[in-house]
Amino acid sequence: MTEKFGLSVALATPFDAKGEIAVDVMVEQAKQCLAAGCESVTLFGTTGEGSSIGTQEREHILTAFLNAGIAPQKIVMGVLVDAAEDAAVQAGNALSRGARNILLAPPSYFKNVSDDGLFKWFSAVFAILGDKARDVIVYNIPSVTMVPLTVSLIGRLRAAFPAVVTGVKDSSGDWPFTESLLKAHGDLIILIGDERHLAKGVRLGGQGAISGMANFLPAEVKLMATEGRDDARVEGFVAELLKYPVTPAVKVMVARLAGEEMWLAVRPPLVSISSEGQEQLALAFDALFRSKAA
């Protein structure tokens, strides 16, 4: 039996005072998450501000990670672009260097597109990739993209590209949809993006998660992602995070627990959480995880 996917940290991306990626800090964060039990790190997904990271930057960071001794099999690369050619270039570079998976979001500039149109876009990406194409996890996050991936579209993609489309990350936050996805495609790698649904999704056959919360709660999220163990504290804190833009809010917690304000910085068009918001998040975290704050 193939080993389950487990927990991948949706790694946050630190920026220095010039707005450039703080490579050493990012590598250290990845190593800490892996040491804490994460099976892999996902670079440049939603939490990693992937849509704001250019192709050359990505290649530079991937090289730095490999040179730092992080095995390519422990790296998942997020690809969040609209042009099929750009998606294929970013995915192809990571795959050719041994990356474990590609987390591939649909194009999101055009709204209200059809399943036929999305099928043709994914097909175009895979055609450009050619024999490099493998281990693609398609990314359903309609709250961000406004482009949902339907259960039927996923069925078409896996039927047409069985050696390429191997999984789905579902960050819809829609439990009935997640249930239907697990029922229809439970033999794929189904990853639950909303930690409030993670444990019960794993109990129904989900293979784990790519989780932003794992940046600062890796041990707790690991039990949810690998054992299907409920954790009301994690679920409660997700509800607090969702009162704010999620990516800057995650970085507030990384900054607080690392004791490094650098982590508060985000790239435009995102903006950092206000001081008041930071304090409210800290209070909520302490209320749920007092032993960690002590």
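An account of the accompanying structure is given in this report. Please read these numbers as outputs of a predicted model, since none were measured by experiment. (Residues numbered from 1 in each chain as written. Predicted model: local features only at pLDDT ≥ 70, side-chain atom pairs only at ≥ 80, totals over all residues. Heavy atoms only, no water.)

### Some words on the packing of helix α10 (residues 232-241) against helix α12 (residues 275-288)
For step 1, the next point in the chain: At a closest axis distance of 10 Å, the pairing of α10 and α12 adopts a crossing angle of 170 degrees. When the interaxial angle is binned, α10 and α12 end up roughly antiparallel. For the pair formed by α10 and α12, the contact residues are R233, G236, F237, E240 and L241 on the first element and L281, A284, F285 and L288 on the second.
For step 2, the next point in the chain: Here the residues of the contact of α10 with α12 sort into six nonpolar, one polar and two charged. (Axes fitted to C-alpha atoms, helices over the stretch in contact; angles between N-to-C directions. Helix = DSSP H or I, 4+ residues; strand = E, 2+ residues; numbered from the N terminus. Parallel < 35°, antiparallel > 145°, perpendicular 65-115°, else oblique. Contact = heavy atoms within 4.5 Å. Nonpolar A, V, L, I, M, F, W, Y, C, P; charged D, E, K, R; others polar.)

### Let's talk about the packing of aromatic side chains
For step 1, the next point in the chain: Per the stated rule, a full pass over the model turns up nine aromatic pairs.
For step 2, the next point in the chain: Seen in terms of ring centroids, F119 and F161 are 6.2 Å apart; in terms of plane orientation they differ by 35 degrees. Their pairing is tilted. One end of the pair, F119, is in helix α4 (residues 115-129); the other, F161, is in the loop between α6 (151-160) and β6 (165-170), and 42 residues separate them in sequence.
For step 3, the next point in the chain: Exposure remark for F119: the relative accessible area of 17% places this residue in the buried category.
For step 4, the next point in the chain: Judged by centre distance (5.3 Å) and plane angle (80 degrees), the rings of F237 and F285 are edge-to-face. Pair noted here: F237 is in helix α10 and F285 is in helix α12, with a separation of 48 residues, a long-range link. As far as the burial class goes, F237 and F285 line up, both buried.
For step 5, the next point in the chain: The residue whose ring lies beneath R156 is F119, and the NZ or CZ to ring-centre distance is 4.4 Å.
For step 6, the next point in the chain: Across the ring face of W175, the terminal group of K200 is positioned such that the distance to the ring centre comes to 4.5 Å. (Phe/Tyr/Trp six-rings, centres within 6.5 Å; stacked < 30°, edge-to-face > 60°. Buried < 20%, exposed > 50% of the residue type's maximum accessible area, 1.4 Å probe, protein only. Lys NZ or Arg CZ within 6 Å of the ring centre and 35° of its normal.)

### Description of the nonpolar core
For step 1, the next point in the chain: In terms of nonpolar packing, the biggest core is built from 87 residues, with L43, F65, L104, F126, F216 and F237 touching the most fellow members.
For step 2, the next point in the chain: Not counting residues within four places of it along the chain, the set of residues in contact with L104 comprises V79, A87, W121, F122, V125, F126, V136, I137, V138 and Y139.
For step 3, the next point in the chain: Core analysis: the second largest hydrophobic core is formed by 12 residues, F5, L80, L103 and I141 among them. (Core = buried A, V, L, I, M, F, W, Y, C linked by side-chain atoms within 4.5 Å.)

### Structural notes on the packing of helix α3 (residues 84-96) against α4
For step 1, the next point in the chain: Between α3 and α4, whose axes approach to 9 Å, the crossing angle comes to 45 degrees. Classified by the angle their axes make, α3 and α4 are oblique. When you trace α3 past α4, the crossing you get is right-handed. Counting all contacts with α3, which are made through A84, E85, A87, A88, A91, G92 and L95, the residues of α4 involved are W121, A124, V125, I128 and L129.
For step 2, the next point in the chain: The residue makeup of the contact of α3 with α4, split by class, is 10 nonpolar, one polar and one charged. (Left-handed = near helix turned anticlockwise from the far one by under 90°.)

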